[in-house]
Amino acid sequence: MRVKNILSDITLVIADLEVHLNGELRSSPTLCALLPANGSQGARVVPLNTPDGRPILLNMGNAIALNEEPLQT
């Protein structure tokens, strides 16, 4: 197996995401792909696992726009 080429500049991050679930606001650390701003689109975060830890495929329909810089801790 070999890497033919790198297709994009994506960074893997762990983000603390908030979600409304059953009327409650919950948060959990989530593995995400951080996509840099591209043309008219700003930076985006795409979750790579569900809140309970199950992996999901990179799906641009799940992208969360970053309107401001997230807090770095």
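Residues numbered from 1 in each chain as written. Predicted model: local features only at pLDDT ≥ 70, side-chain atom pairs only at ≥ 80, totals over all residues. Heavy atoms only, no water.

Once that is clear, we can look at the environment of T11. Turning to its location among the elements, T11 is positioned in strand β1 (residues 11-21). A residue is classified by how much of its surface remains accessible, and T11, at 39% relative accessible area, is partly exposed. Sequence-distant contacts of T11, defined by excluding residues within four places in its chain, comprise C32, A33 and L34. (Helix = DSSP H or I, 4+ residues; strand = E, 2+ residues; numbered from the N terminus. Buried < 20%, exposed > 50% of the residue type's maximum accessible area, 1.4 Å probe, protein only. Contact = heavy atoms within 4.5 Å.)

For the rest of this paragraph, the subject is the pattern of salt bridges. Counted under the stated rule, the structure contains one salt bridge. As a salt-bridge pair, E24 and R26 come within 3.8 Å of each other at their nearest N and O atoms. Accessibility expressed as a relative area gives 44% for E24, which makes it partly exposed. Among the residues examined, R26 registers a relative accessible area of 39% and is labelled partly exposed. (Salt bridge = Lys/Arg side-chain N within 4 Å of Asp/Glu carboxyl O.)

Take the side chain of R44 next. Among the secondary structure elements, R44 is positioned in strand β3 (residues 44-47). Summary of buried charges: R44 has no salt-bridge partner, and the nearest side chain of opposite charge, D9, is 12 Å away. A polar contact is formed between the side chain of R44 and the side chain of Q41, at a distance of 3.2 Å. Not counting chain neighbours up to four residues away, the residues in contact with R44 comprise A33, L34, L35, M60, A63, I64 and A65. (Lys, Arg positive; Asp, Glu negative; His and termini not counted. Polar contact = N/O pair within 3.5 Å; in protein donor to acceptor, adjacent residues only side chain to side chain.)

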